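Here's the letter readout for the chains.
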Amino acid sequence: MSLVRLKIKGISYSQTQNGAYALILNEVEGDRKLPIVIGAFEAQSIAIALEKEIKPPRPLTHDLFKNFADRFDIVIKQVIIHKLVDGVFYSSIICERDKIEEIIDARTSDAIALALRFNAPIFTYKTILDKAGIFLKFSSKEKDNDEKDDSIMVDEILQEGETVEIDSGVAGAYKELTLEELHKELDKAVANEDYEKAAKLRDEISKRN
């Protein structure tokens, strides 16, 4: 079976269901997206790995694994999303130590959080992308609404019964803050290890830059 390389497009949230997040993967050489519903901790960990400016004062679990692996010369070579059963994605982490390769079973969200930290490529099989991939086609005007359409996509996924509980922040309130106030709130959130809030603040700052 042929492998298809994926890249992370971002993390989207439902506009109608509080606390619902999805990781949006995009095929590198194509337009199909692979949305995967993920939990709060994994969403937070992936967001921090994507946002290079957010530096936790203490290592998160996935950071700890990376430090442990580095100490013992373990390298993650790639991650493969190899199976889809009843809406659940299964993944394998391909590791290497002393030129010996090992395959470790993992939840897809954990596997991707680690792939980001090791700069490892993410793949899935063409058959899985054919089955679960979603085409989103935009006109030039509609491209500006990309984030909104991703949120709608998450709503459609969650209608099939997959929900996750997250302590949702009030993102709308951040729009009332000045850029200076947003940076102060971001520093405070990182100091308090509230990385979910920090990621949302970082998103609002990015929109204004």
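Residues numbered from 1 in each chain as written. Predicted model: local features only at pLDDT ≥ 70, side-chain atom pairs only at ≥ 80, totals over all residues. Heavy atoms only, no water.

By the naming in an unreviewed UniProt entry, the chain is Bifunctional nuclease domain-containing protein, taken from Meishania litoralis.

Draft legend 1. Spotlight on the overall build of the chain. Each helix and strand counted, the chain has eight helices and eight strands in total. A total of 209 residues make up the chain; the buried ones form 44% of that total. Within the chain, contacts between residues at least 6 apart in sequence are counted, and of these 59% link residues at least 24 apart. (Helix = DSSP H or I, 4+ residues; strand = E, 2+ residues; numbered from the N terminus. Buried < 20%, exposed > 50% of the residue type's maximum accessible area, 1.4 Å probe, protein only. Contact = heavy atoms within 4.5 Å.)

Draft legend 2. Structural context of the nonpolar core. Within the largest apolar cluster, 32 residues are counted, with the highest numbers of intra-cluster contacts made by Leu25, Ile81, Ile93 and Ile122. Elements supplying a minimum of two residues to this core: β1 (3–13), β2 (21–27), β3 (32–38), α1 (40–50), β4 (75–85), β5 (88–97), α3 (108–118) and α4 (126–132). Among the elements that line this core, the one with the most residues is α3, at seven residues. Counting 11 residues, the second largest nonpolar core, distinct from the first, contains Ile48, Tyr174, Leu182 and Val190. (Core = buried A, V, L, I, M, F, W, Y, C linked by side-chain atoms within 4.5 Å.)

Draft legend 3. Summary view of the side chain of lysine 33. Examined against the element boundaries, lysine 33 turns out to sit in strand β3. A distance of 3.3 Å separates the side chain of lysine 33 from the side chain of asparagine 26, its partner in a polar contact. (Polar contact = N/O pair within 3.5 Å; in protein donor to acceptor, adjacent residues only side chain to side chain.)

Draft legend 4. A look at the pairing of strand β6 (residues 100–107). One ladder, built from eight bridges, connects β5 with β6; its direction is antiparallel. Within β6, the residue paired with arginine 97 across the bridge is isoleucine 100. From the end of β5 to the start of β6, which pair antiparallel, there are two residues, and aspartate 98 there has a positive phi angle of about 55°. (Pairing = 2+ DSSP bridges.)

Draft legend 5. Structural context of the environment of isoleucine 80. The residue isoleucine 80 is located in strand β4 in this model. Spatially, the C-alpha atom of isoleucine 80 lies 5.4 Å from that of threonine 124, the residues being 44 residues apart in sequence.

Draft legend 6. Structural context of α3. Burial analysis of α3 places 11 of its 11 residues in the buried class, which makes it a mostly covered element. What α3 keeps buried is the set Thr108, Ser109, Asp110, Ala111, Ile112, Ala113, Leu114, Ala115, Leu116, Arg117 and Phe118. Directly after α3, the chain includes asparagine 119, whose backbone phi takes a positive value near 55°.

Draft legend 7. Quick peek at the packing of aromatic side chains. Per the counting criterion, the structure on display carries one aromatic pair. Ring geometry for phenylalanine 68 versus phenylalanine 72: centroids 4.9 Å apart, planes at 45°, classification tilted. For phenylalanine 72, a relative accessible area of 41% gives the class partly exposed. The side chain of lysine 66 reaches across the aromatic face of phenylalanine 118, ending 5.0 Å from its centre. Lying over the aromatic face of tyrosine 90, lysine 83 brings its terminal NZ or CZ to 4.6 Å of the ring centre. (Phe/Tyr/Trp six-rings, centres within 6.5 Å; stacked < 30°, edge-to-face > 60°. Lys NZ or Arg CZ within 6 Å of the ring centre and 35° of its normal.)

Draft legend 8. Broad picture of the pairing of β3. With seven of seven residues buried, β3 lies mostly within the body of the structure. Of the two faces of β3, the one holding Arg32, Leu34, Ile36 and Ile38 and the one holding Lys33, Pro35 and Val37 are both buried throughout. Joining the antiparallel neighbours β2 and β3 is a turn of four residues.

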